[in-house]
Amino acid sequence: MFTGFKRCARLAAVAAVLLTGCMEWDYGTVEDFNPDVPTPGEVTTPGGSSDMEGWVSGDGLFVVNEGNFQSGTATLSYYDTHRKSVENEVFKRANGFKLGDVAQSMVIRKNIGWVVVNNSHVVFAIDINTFKEVGRITNLPSPRYMHFLSDEKAYITQLWDNRIMIVNPKTYAITGEILCPDMTTNRGSTEQMVQYGKYLFVNCWSYQRRILKIDTETDRVVGELEVGIQPSSLVIDKNGKLWTATDGGYEGSIYGHEAPSLYRIDAETFTIEQEFKFGLDDSLTELQTDSSGERLYWINGDVWSMGVDDKRPPLRPFLKSRNTKYYGLTINPLNGEVYVADAIDYEQQGIIYRHTPQGELLDSFYVGIIPGAFCWR
């Protein structure tokens, strides 16, 4: 059964109804979270804060749970890395209404978290200490990811739309749009964004095979680079190289089906330097780097990892699958711990597994339905 929008096999089934989705926010009781943030060294052990109910420490991880498509079951979880404890449905508990339909991603800028809710066509701005809403950007076609250029300018990519929306985060207003060439409202999307100097790169995923280059001063597409079918994610490493992983589409797709690849692209010249090819039955998703930009991680059934200077892909996985569904992935920027989201059956609460940088399982915790994205606080 399909759920969110992250996997290409589900796209055709939901395309016709995507823009008809809506979410009514029914307000109820609210819960207060303590916004006190400890000074450095104040909390030294997880047990030292176990009795501080509702307390939010300085470091933590937001887990964006997609929920099932058109069910309004998207939620936001918060994992406190000091207390080693999780609070689920913090958005609803803090604001008195549900998050919406299909939560896609989240980004933080200056203590404000921006939660992108795809099929509710909204981006919520929340205080990252209290989890309370401070504003929202509405009337978005189908938002996917948000990238800040300044306090007063940001881009928001869209699914099945030929535009990237330009917004003013201070006023929560849409101020313009970037038209993406050779893209229609039901064939194509813009996804993740990486900035290098004044240029922004974005992968085009659904029924596409391109990386776009955008001049952020003129808000125009100034270059295109063709890669494999459906580049699913985009990162940049310590050497100024872009990396994208293609999922290859799926059997029976009208756009075709091919073996996926991992590409290294020079950001300066916008040219492909190397392509690592995989098998036809593989599907590469959730490409990530560690905080140093020295290692890559991705999901291909199992979790895999390689150094950015390696000459070939690894022969053995970094983490073996638990015979369920690895769906999301993130690396703790402070200590290199690896967090993997397990969607299980797309119906029940998902699980997050926390590992050492060497792959040893430390612990796990339950979150919401279909945990798909992460945001470090």
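Residues numbered from 1 in each chain as written. Predicted model: local features only at pLDDT ≥ 70, side-chain atom pairs only at ≥ 80, totals over all residues. Heavy atoms only, no water.

Q: Just give me the short version of the overall build of the protein, but keep the residues and values in it.
A: On a plain count of helices and strands, the protein comes out with two helices and 27 strands. The buried share among the 377 residues of the protein stands at 56%. Pairs at least 24 apart in sequence give 47% of the contacts found in the protein among residues at least 6 apart. Of the roughly 15400 Å² of accessible surface on the protein, 47% is carried by carbon and sulfur atoms. (Helix = DSSP H or I, 4+ residues; strand = E, 2+ residues; numbered from the N terminus. Buried < 20%, exposed > 50% of the residue type's maximum accessible area, 1.4 Å probe, protein only. Contact = heavy atoms within 4.5 Å. Areas by Shrake-Rupley, 256 points an atom, 1.4 Å probe, with all protein chains shown as cover.)

Q: How would you summarise the sheet that holds strand β19 (residues 271-277) if you had to cite specific residues and measurements?
A: Spatial strand order, β16-β17-β18-β19: four strands in an open sheet with antiparallel pairing. At either margin of the open sheet sits one strand with a lone partner, and together these are β16 (231-236) and β19. With direction set aside, neighbouring strand axes in the sheet form an average angle of 20°. Both strand β17 (residues 241-246) and strand β18 (residues 261-266) contribute to a ladder of five bridges, which runs antiparallel. Pairing of Ala245 across the sheet is with Leu262, part of β18. (Pairing = 2+ DSSP bridges. Axes fitted to C-alpha atoms, helices over the stretch in contact; angles between N-to-C directions.)

Q: Which residues make up the side chain of Ser253, and what values go with them?
A: For Ser253, the position within the fold is in the loop between β17 and β18. Using a relative accessible area of 12% as the deciding quantity, one classes Ser253 as buried. Polar contacts involving the side chain of Ser253 include one to the main-chain amide nitrogen of Tyr255, which spans 3.1 Å. (Polar contact = N/O pair within 3.5 Å; in protein donor to acceptor, adjacent residues only side chain to side chain.)

Q: Report on the packing of aromatic side chains, specifying residues and quantitative values.
A: All told, the structure shown has 18 aromatic pairs when counted by the stated rule. Judged by centre distance (4.2 Å) and plane angle (0°), the rings of Tyr79 and Phe365 are stacked. On the criterion of sequence distance, the pair formed by Tyr79 in strand β2 (residues 75-80) and Phe365 in strand β26 (residues 361-369) is long-range, its members being 286 residues apart. Phe365 matches Tyr79 in its accessibility class, with the two residues each being buried. Here the aromatic rings of Tyr297 and Phe318 are separated by 5.6 Å at their centres, their planes lie at 80°, and the arrangement is edge-to-face. One end of the pair, Tyr297, is in strand β21 (residues 295-300); the other, Phe318, is in the loop between β22 (302-307) and β23 (326-331), and 21 residues separate them in sequence. Given a relative accessible area of 5%, Tyr297 falls into the buried group. Here the aromatic residues Phe33, Phe62, Tyr78 and Phe131 are joined through ring pairs into a cluster of three or more. Above the ring of Tyr199, the side-chain terminus of Lys213 is found at 4.3 Å from the ring centroid. Over the ring of Tyr353 we find Arg322; its NZ or CZ atom is 4.0 Å from the centre of that ring. (Phe/Tyr/Trp six-rings, centres within 6.5 Å; stacked < 30°, edge-to-face > 60°. Lys NZ or Arg CZ within 6 Å of the ring centre and 35° of its normal.)

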